[in-house]
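Survey of secondary and tertiary structure
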Amino acid sequence: MTFEQRLNFYAKQTEDFLDEYLNTTGCVGQEKIVEAMRYSALAGGKRLRPALTMEFCRISCGDAERALPFAAALEMIHTYSLIHDDLPCMDDDDLRRGKPTNHKVFGEAMAVLAGDALLTQAFELATKNTDLSPALVLRAVNDLAREAGVLGMIGGQVLDLDGEGKLLDYDALVRLQARKTGALMRTAAHMGCILGEASQKQFDAADRYASALGLAFQIQDDILDIEGDEQELGKPIGSDSENKKSTFPKLLGLTACHEQVRKLTDEAVDSIAAAFEDCSFLESLAYSLVNRRK
């Protein structure tokens, strides 16, 4: 497969899996909450994190599909975080992926519950797999829970809220984004390696790749919040400035940010070169994010 074909294949597998898993069968009386969950979970997107999980599993053991339920669970957690991030008490955004945000369609209370439900059912999904050894499942789920929690994504969101109205220095901003954005990138790579029974050397290389890629991704996001096109992005631009958030462009300037994205992308690619035999997809994925417009 070409890079684009494999990326689209992973995205379709994830989309089809979520479509089948998130249904109203056996949910009599709960159709509204399932509809709210599906609205955001099936709204498209790059499906970047599932692709990382499945690809690291593939290049570790040759079988990407064993990681599919975990990739879908990770996407459910990512989706819940977006629903909550868009709420009026957080970023108060009206658009996500070119559509009205969840709370604009279903109301704030139902949006909170949709996010809660996606988070909860993600762990139900990840732990119901009986085809893999319990030890592998436990290790993967533990990693996912840690990186999604107070030492990972949630902790990053707390730092983000605490940093509003303040000019954070570079190290503080990196710590914030390593959790808020980087944590789910890391667990995507970690779970792929765990489920693929990769060596410790490969696991460590995957961690370095995901850490560098996650920071590059966030800096590019900050750039697009200034230079991007709202219609192409599918969400408002300028929201970071409106919410008085510290960003890399505000701290470093746009030119330095573009340079940093390229440097981090090279670091990501270099980190896996000696650890895996087939790095072509991951290399292409990293470089595709450098010049992304959405």
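Heads up: these notes are all about the structure in this document. No experiment lies behind these values; they were computed from the predicted model shown. Along each chain, the written sequence defines residue order, and numbers are assigned to residues from 1. Given that this is a predicted model, residues contribute local features only at a pLDDT of at least 70 and side-chain atom pairs are listed and counted only at 80 or more, while totals for whole chains, interfaces and linings are drawn from all residues. To obtain the side-chain values, all non-hydrogen atoms of the structure were included, while hydrogens and water were left out.

For the second largest pocket, the calculated volume is near 190 Å³. Helix and strand assignments follow DSSP, with helices taken as H or I runs no shorter than four residues and strands as E runs no shorter than two, numbered in order from the N terminus. When contributions to the lining of the second largest pocket are tallied by element, the ones reaching two or more residues are α1 (3–21) and α16 (280–290). Site definitions follow a grid-based scheme: protein atoms alone, a 1 Å grid, a 1.4 Å probe that fits but cannot get out for cavities, and for pockets an open set with protein on both sides within 12 Å along at least five of seven lines, plus lining residues having an atom within 4 Å of a point. Grid points are joined across faces, edges and corners, and a volume is the space filled by probe spheres set on the points.

Pairs of packed helices are described in terms of their axes, by the angle between the two and the distance that separates them. Relative orientation of the contacting elements helix α10 (residues 182–195) and helix α11 (residues 200–227) amounts to 155°, with a least axis distance of 8 Å. In terms of orientation, α10 lies roughly antiparallel with respect to α11. Handedness of the crossing formed by α10 with α11: right-handed. Residues G182, M185, R186, A189, H190, C193 and I194 of α10 pack against Q202, F203, A206, D207, A210, S211, G214 and F217 of α11. Here the residues of the contact of α10 with α11 are counted per class, giving eight nonpolar, five polar and two charged. Here an angle of 0 to 180 degrees is reported between the N-to-C directions of two axes, which are lines fitted to C-alpha atoms, with helices fitted over the stretch in contact. For classification purposes, angles smaller than 35 degrees are called roughly parallel, those larger than 145 roughly antiparallel, those between 65 and 115 roughly perpendicular, and all remaining angles oblique. Each crossing gets its hand from how the near helix is turned against the far one by less than a right angle, where anticlockwise is left-handed and clockwise is right-handed. Here, residues are in contact when the closest pair of their heavy atoms is within 4.5 Å. Each residue gets one of three labels, nonpolar for Ala, Val, Leu, Ile, Met, Phe, Trp, Tyr, Cys and Pro, charged for Asp, Glu, Lys and Arg, and polar for the others, Gly among them.

Right, let's talk about the pattern of salt bridges for a bit. A side-chain nitrogen of Lys or Arg and a carboxyl oxygen of Asp or Glu constitute a salt bridge if their distance falls within 4 Å. The full count for this structure, using the stated rule, is 13 salt bridges. One salt bridge in this structure joins K12 and D16, with 2.6 Å as the shortest N-O distance. Of this pair, K12 and D16 are both found in helix α1, four residues apart, which corresponds to roughly one turn of the helix. R38 is the salt-bridge partner of D19, the closest N and O atoms lying 2.6 Å from each other. In this pair, D19 sits in helix α1 while R38 sits in helix α2 (residues 31–41), placing the two residues 19 residues apart along the sequence. Note on classification: 1.4 Å probe, protein chains only; a residue is buried when its accessible area is under 20% of the maximum for its type, exposed when over 50%, partly exposed between these limits. Taking the relative accessible area as the measure of exposure, R38 reaches 26% and is therefore partly exposed. A cluster of three or more residues bridged by salt bridges with shared partners is formed by E15, R47 and E75.

The subject of this paragraph is the packing of aromatic side chains. In this scheme Phe, Tyr and Trp rings, the latter by its six-membered ring, pair at centre separations within 6.5 Å, and the angle between planes marks the pair as stacked below 30 degrees, edge-to-face above 60, and tilted otherwise. Counted under the stated rule, the structure contains eight aromatic pairs. Taking 5.7 Å as the distance between ring centres and 85° as the angle between the ring planes, the aromatic pair formed by Y10 and F281 counts as edge-to-face. Of the two residues, Y10 sits in helix α1 while F281 sits in helix α16, which places them 271 residues apart along the sequence. Among the aromatic residues, those joined into a ring-pair cluster are F3, F9, Y10 and F281. Any Lys NZ or Arg CZ that is within 6 Å of a ring centre and within 35 degrees of that ring's normal is treated as a charge sitting over the ring. The ring of F203 has R139 lying over it, and the distance from NZ or CZ to the ring centre is 5.3 Å. Residue placement shows R292 over the ring face of F217; its charged tip is 3.8 Å from the ring centre.

Moving on: the nonpolar core. The biggest cluster of nonpolar side chains holds 76 residues, and the ones touching the most others in it are L52, F56, F70, Y209 and F276. Broken down by element, the residue count for this core peaks at 10 residues, all from helix α4 (residues 68–85). The residues contacting F276, other than those within four sequence positions of it, are F56, I59, S60, C193, Q202 and A205. L173, L215, I219 and L264 belong to the second largest nonpolar core, which has 13 residues in total. Side-chain atoms within 4.5 Å are what join buried Ala, Val, Leu, Ile, Met, Phe, Trp, Tyr and Cys residues into a set we call a nonpolar core.

We now examine empty space enclosed by the protein. Within the structure shown, the criterion is met by two cavities of 30 Å³ or more. S40, A43, D86, R96 and N102 are the residues nearest the centre of the largest cavity, which is lined by 13 residues in total. Within the residue set of the lining of the largest cavity, elements represented by two or more residues are α2, α4 and β2 (99–100). Here the lining of the largest cavity gets three residues from one element, more than from any other, and that element is α4. The residue makeup of the lining of the largest cavity, split by class, is five nonpolar, four polar and four charged. Taken as a whole, the second largest cavity encloses approximately 30 Å³ of empty space. Around the second largest cavity, the lining residues are D160, G163, E164, L168, L173, L176 and S246. A breakdown of the residues in the lining of the second largest cavity according to their chemical character gives three nonpolar, two polar and two charged.

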